[in-house]
Amino acid sequence: MRRFLMMLGFAALTLSASAEEQQVAQPEQKLVLSLEQALEIALSENPTIKIADQQIEIKRYAKQGTYASLYPQIEATASYQRVIKKQTMSMDFGGQTQTIKVGSDNSFNGGVALGMPIINAQLWESLKVSALDVELAVEQARSSRIDMVEQVTKAYYGILLAKQSQELYQSVYDNAVENHEIVNKRFDVGSVSEYDLIRSNVSVQNALPNVIEAEYTVTLALWQLKALLGIDLQREIDVTGSLMDYVHVLDKSYDISQLNLENNSTLKQLDMQEQMLEHAVKITKLANVPSLSVNAAYLYTALGNDGKFFKKEAWNPYSYAGLQLNIPIFAGNKRRAATREANLNLSNLKLQRENVERQLRVGIVQYLNNMQSSVKKYHASAATVDQAQRGYDIAVKRYDVGRGTLVEIDNSQVALTQAELQRNQSIYNFLTAKVSLDKVLGDYNFDNK
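Let me sum up the structure you'll find in this document. Please read these numbers as outputs of a predicted model, since none were measured by experiment.

Parameters at a glance
Residues numbered from 1 in each chain as written. Predicted model: local features only at pLDDT ≥ 70, side-chain atom pairs only at ≥ 80, totals over all residues. Heavy atoms only, no water. Axes fitted to C-alpha atoms, helices over the stretch in contact; angles between N-to-C directions. Helix = DSSP H or I, 4+ residues; strand = E, 2+ residues; numbered from the N terminus. Parallel < 35°, antiparallel > 145°, perpendicular 65-115°, else oblique. Nonpolar A, V, L, I, M, F, W, Y, C, P; charged D, E, K, R; others polar. Buried < 20%, exposed > 50% of the residue type's maximum accessible area, 1.4 Å probe, protein only. Contact = heavy atoms within 4.5 Å. 1 Å grid on protein atoms, 1.4 Å probe; cavity = no way out; pocket = protein on both sides within 12 Å on 5 of 7 lines; lining within 4 Å. Points joined across faces, edges and corners; volume = space filled by probe spheres on them. Core = buried A, V, L, I, M, F, W, Y, C linked by side-chain atoms within 4.5 Å. Lys, Arg positive; Asp, Glu negative; His and termini not counted. Salt bridge = Lys/Arg side-chain N within 4 Å of Asp/Glu carboxyl O. Phe/Tyr/Trp six-rings, centres within 6.5 Å; stacked < 30°, edge-to-face > 60°. Lys NZ or Arg CZ within 6 Å of the ring centre and 35° of its normal. Patch = residues over 30% accessible without salt bridge, like charges linked within 9 Å, V, L, I, M, F, W, Y side chains within 5 Å. Areas by Shrake-Rupley, 256 points an atom, 1.4 Å probe, with all protein chains shown as cover. Pairing = 2+ DSSP bridges.

Looking at the packing of helix 4 (residues 121-188) against helix 8 (residues 406-441)
The geometry of helix 4 relative to helix 8 is characterised by a closest axis approach of 10 Å and an angle of 175 degrees between their N-to-C directions. In terms of axis orientation, helix 4 runs roughly antiparallel to helix 8. For the contact of helix 4 with helix 8, the class distribution of residues is 13 nonpolar, 12 polar and 5 charged.

In structure tokens:
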């Protein structure tokens, strides 16, 4: 009985360990994402977004460092000097020259010093530049998010297009296989010629490469999305929905007169850079303005030879407080050259902004034209799909009753496939053009830290 219980316990432990191993070895469940979920993951996990957020913190710390220049700067100082050879002085006393060595073997100076600007126009102007630098970093982070939304959304639509193409080619292949099986059965009973059998087999073989290529395209598109989301590339993912879910978006109309570039991130960044350069011009001009600062110190000094240096009476405190006025007079035209350089940089930036705005407006027109063209192609191809489907059904029925040929079926299948591909491509082109248009308009709201 005891031996039986031991064997039973050993079997239970073995089953438990086996179950644990199976649980550990069980692969992760496939992650199925909607577009909103994919965007949420990308905006929180993508390294580019994290770098942009850290850049904001860097600029904020730099701003704090600039503002710290307004406060008193207090520091402790200390210095020690050992005289190797003392200075010699010669003096004339009653017609006789006497030589005297001056100084002590050791000297020490230490204490606390304080300095603070009272009037410094350049410093005050640089504070405005630091504040704009933080705003620029925030806008750059928003730009990174807008770029990420565009990339993820296009990748998502690309997967939908690839999956629908795969389903379409798989359907073509399945139809070819089904037709070949029917023809093969009829050939066995002698109701069709060998030519029809060969023709149907060729149709199957011709359809197979498209299926393989479509599967590869889907796999590659999913990998691209995983890379954008910043998740493990070995993790299996999939997306929900289809391109047909977005057909209603095609009915939305856009008026170019109502589209503006107020929220365009590139122009906002250029505007901030222009403001920073305007302040830079002022800073170079303010280099000609006098500055005033206050300084004070409380120090201890000690002079003496080795025997007296460490005695209490050798250490003597002294302190001072005062104002320091600096009036720029001449610096070899350095300040004038700096002002001219800053003005040229400002002028170049204004020309750059004007050129960028023109290119963006051209882009708006191009995206709108692409969207309008895609809508027209969609309606044309959608009507063609219905007719091509009916033509394919008629060709199949004609062949079933012996009045048609496999050539008619193949031709109608090709026409149907092309029509469906064109319809799907039209939806995809419209959606991607719309995403690009939204990026140019900058119509996204993000909670920047």
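Digging into the side chain of S144
Along the polypeptide, S144 turns up in helix 4. Judged by relative accessible area, S144 falls into the buried class, the value being 17%. Ignoring anything within four residues of it in the chain, the contact list for S144 reads I49 and A52.

A look at the layout of surface pockets
Size it by volume and the largest pocket reaches roughly 360 Å³. Its residues assigned to classes, the lining of the largest pocket comprises 9 nonpolar, 9 polar and 2 charged. Forming the boundary of the second largest pocket are 16 residues, of which G158, L161, A162, T217 and A221 lie nearest the centre. Put simply, the parts of the chain that give the lining of the second largest pocket at least two residues each are helix 4 and helix 5 (194-229). The element contributing the most residues to the lining of the second largest pocket is helix 4, with 8 residues.

Remarks on the nonpolar core
By size, the foremost hydrophobic cluster in this structure holds 52 residues, and its most contacted members are V152, Y157, L225, Y246 and I364. Secondary-structure elements contributing two or more residues to this core are helix 2 (35-45), helix 4, helix 5, strand 6 (237-239), helix 6 (265-285), helix 7 (334-400) and helix 8. For this core, the element with the highest residue contribution is helix 4, accounting for 11 residues. Filtering out sequence-adjacent residues up to four positions away, Y246 remains in contact with L35, Y156, Y157, L160 and L431. In this structure, V183, L197, V385 and Y399 belong to the second largest nonpolar core, which totals 12 residues.

Focus on the packing of helix 4 against helix 7
At a closest axis distance of 13 Å, the pairing of helix 4 and helix 7 adopts a crossing angle of 10 degrees. Here helix 4 is positioned roughly parallel relative to helix 7, judged by the angle of their axes. Across the interface between the two elements, N175, N179, V183 and R186 from helix 4 touch Y392, Y399 and D400 from helix 7.

As for the side chain of E420
By the secondary structure assignment, E420 is in helix 8. One buried charged side chain, E420, makes no salt bridge at all; its nearest oppositely charged neighbour is R423, positioned 4.6 Å away. Once residues lying within four places of it in the same chain are set aside, the contact partners of E420 are L168 and V385.

A closer look at the packing of aromatic side chains
Throughout the structure, instances matching the rule amount to 2 aromatic pairs. Measuring from ring centre to ring centre gives 5.3 Å for Y157 and Y246, while their planes differ by 75 degrees; the resulting arrangement is edge-to-face. On the criterion of sequence distance, the pair formed by Y157 in helix 4 and Y246 in the loop between strand 6 and helix 6 is long-range, its members being 89 residues apart. Each member of the pair, Y157 as well as Y246, carries the same accessibility label: buried. Between the NZ or CZ atom of K226 and the centre of the ring of W223, over which it lies, the distance is 4.6 Å.

Digging into the pattern of salt bridges
If you walk through the whole model with that rule in mind, you get 19 salt bridges. E408 is paired through a salt bridge with R398; the nearest N and O atoms lie 3.4 Å apart. Here R398 lies in helix 7 and E408 lies in helix 8, a separation of 10 residues in the sequence. What makes E408 partly exposed here is its relative accessible area of 31%.

Section: a nonpolar patch on the surface
On the surface, M89, M91, F93, I100 and V102 cluster together to form a nonpolar patch covering roughly 390 Å² of accessible area. Tracing the backbone shows F93 in strand 3 (residues 87-93).

Examining the environment of L31
Structurally, L31 can be placed in strand 1 (residues 31-33). For the pair formed by L31 and V239, sequence separation is 208 residues and the distance between their alpha carbons is 8.3 Å. Filtering out sequence-adjacent residues up to four positions away, L31 remains in contact with I231, R235, E236, I237 and D238.

As for the sheet that holds strand 5 (residues 106-119)
Spatially, 2-5-7-8 is the arrangement adopted by the 4 strands of the open sheet, whose pairing is antiparallel. Sheet topology places strand 2 (73-82) and strand 8 (315-326) at the edges, where each strand pairs with a single neighbour. Strand-to-strand twist in this sheet, taken as the mean axis angle between neighbours without regard to direction, amounts to 20 degrees.

Quick notes on the environment of N326
Structurally, the position occupied by N326 is in strand 8. Given the relative accessible area of 38%, N326 is considered partly exposed. C-alpha separation for the pair N326 and S293, spaced 33 residues apart in sequence, amounts to 8.7 Å. When sequence neighbours within four positions are dropped, the list of residues in contact with N326 reads P290 and S291.

Function-wise, these values are silent; they only describe arrangement.
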